[in-house]
Amino acid sequence: MNNKFKYTELIQSYATELGFDSVGFAKADFLETEAQHLETWLNNNYHGKMYYMANHFDKRLDPRLLLDDCKTVVVLTYNYYPNKIQNENTYQIAKYAYGDDYHKIVKDKLYLIYERIQEQIGAVNARVFVDSAPILERVWANKSGLGWQGKHTLLINKKRGSFFFIAIMLLDIELNYNETIATNHCGTCTKCIDACPTEAILPNNILDASKCISYLTIELKDEIIPVEFKNKMNNYIFGCDICQDVCPWNRFSKSHQEIAFEPFETWLNFTKNDWKTLTEDAFKQLFKHSPIKRSKYLGLKRNIDFLK
């Protein structure tokens, strides 16, 4: 057994032990095709006020600028589909935010994999990311054979749908690389496009993020949400799952097994009035370990007020 095969198998095995659903490997290289796409997307201001998206342009396109002598991009997916969901008659939270903050949970697992790599392989340099670096995760997930980007631009896997986090590990060793998923299996389906109430999903697999409900409820820090989106938020006050909920591929989604992602029963059953009367102290207590804290109390209240 050659070392590339042995090391690849080792990483796959340990990732599975830690609860990752899939692992893929791609050769670190410059993303030439995506360079033009990213430039056009930015020039059209589809990133809205997420000005950071225009930073580190070169790094987004070449992981070798993020790790010296980087040779491999390891892409891992971690399921977050819940076994319980909110009542549809209350204000809605995106499913990824039901439990503890995934950034820490998933990144800690990546560090454990890296420890095993050092123990079994030796002196290997690495960097790990969970939505924490200028890198095109979905592109690399596609290149590592884990799925294709749907018309809503999220990654879709034939066996698992799209309710999963994408994690990245950069390594300075060569491994066995997977083949790119060249076929888009969405076909003629336009359910995500048709369902988006703010018309954020454009033709040719382009997302106008400045119109996306997730952007409007989390990333946009203005005191007021633009009036053009009034009555188009579908009760969402943090994130959005509309395009994923209607996707036929998500009929294959199965409930996660991660205890840390279990929903907080206290707020899972909140009525609209419970959300409206939530105090700042209660917010800090309920969401101190949650992704929802990103919106801050005033941001969440702004979103709720916009829906009144």
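To be clear, the structure that these remarks concern was listed above.
Calculation criteria
Residues numbered from 1 in each chain as written. Predicted model: local features only at pLDDT ≥ 70, side-chain atom pairs only at ≥ 80, totals over all residues. Heavy atoms only, no water. Core = buried A, V, L, I, M, F, W, Y, C linked by side-chain atoms within 4.5 Å. Buried < 20%, exposed > 50% of the residue type's maximum accessible area, 1.4 Å probe, protein only. Helix = DSSP H or I, 4+ residues; strand = E, 2+ residues; numbered from the N terminus. Contact = heavy atoms within 4.5 Å. Polar contact = N/O pair within 3.5 Å; in protein donor to acceptor, adjacent residues only side chain to side chain. Pairing = 2+ DSSP bridges. Axes fitted to C-alpha atoms, helices over the stretch in contact; angles between N-to-C directions. Salt bridge = Lys/Arg side-chain N within 4 Å of Asp/Glu carboxyl O.

K.L.:
Explain the nonpolar core here, please?
P.N.:
Nonpolar side chains in soluble globular proteins generally cluster together in the buried interior. Judged by nonpolar contacts, the single largest core of 52 residues is most densely connected at Phe20, Ile113 and Trp275. Examining the composition of this core, we find that 7 residues originate from one element, helix H4 (residues 102-120), more than from any other. Beyond its immediate sequence surroundings of up to four residues, Ile113 is in contact with Ile11, Tyr14, Ala15, Leu18, Phe20, Leu76 and Met169. The next biggest cluster of nonpolar side chains, apart from the first, holds 48 residues, and it includes Val139, Phe164, Met233 and Cys243.

K.L.:
Is there a simple way to think about the environment of Asn178 in this case?
P.N.:
If you trace the backbone, Asn178 turns up in the loop between strand E7 (164-171) and helix H6 (191-195). A relative accessible area of 33% places Asn178 in the partly exposed class. In this structure, the C-alpha to C-alpha distance between Asn178 and Glu119, residues 59 residues apart in sequence, is 25 Å. What Asn178 contacts, discounting residues up to four positions off in sequence, is Val23, Gly24, Phe25, Lys143, Ser144 and Gly145. Within polar-contact distance, the side chain of Asn178 engages the backbone nitrogen of Phe25 at 2.7 Å.

K.L.:
Help me out: how do you make sense of the sheet that holds strand E4 (residues 126-129) in this one?
P.N.:
Strand pairing in a sheet takes place through backbone hydrogen bonds and is either antiparallel or parallel in direction. Pairing within the open sheet is antiparallel, and its 4 strands lie in the order E1-E2-E7-E4. In this open sheet, the two strands that pair with only one neighbour each are strand E1 (22-27) and E4. The mean angle between the axes of side-by-side strands here comes to 20°, regardless of whether they run parallel or antiparallel. By the bridge criterion, 4 bridges tie E4 to E7 in an arrangement that is antiparallel. Of the residues in E7, the one forming a bridge with Phe129 is Ile168. Together, E1, strand E2 (72-79) and E7 form the strand contacts of helix H1 (residues 3-17), whose direction differs from that of E1 by roughly 150°. Strand contacts of H4: E2, E4 and E7, with the helix running at about 35° to E7, the strand carrying the most contacts.

K.L.:
Can you walk me through the pattern of salt bridges in this structure?
P.N.:
Oppositely charged side chains are able to pair whenever their charged atoms sit close together. Evaluated as defined, the whole model comprises 13 salt bridges. The residue Lys104 makes a salt bridge to Asp108 at a minimum N-O spacing of 2.8 Å. Of this pair, Lys104 and Asp108 both sit in helix H4, 4 residues apart, which is roughly one turn of the helix. Residue classification places Lys104 among the exposed positions, given a relative accessible area of 54%. As a salt-bridge pair, Lys109 and Glu258 come within 3.6 Å of each other at their nearest N and O atoms. In this pair, Lys109 is assigned in helix H4 and Glu258 in the loop between helix H8 (242-245) and helix H9 (265-268), connecting sequence segments 149 residues apart. Like Lys109, the residue Glu258 is buried in the burial classification.

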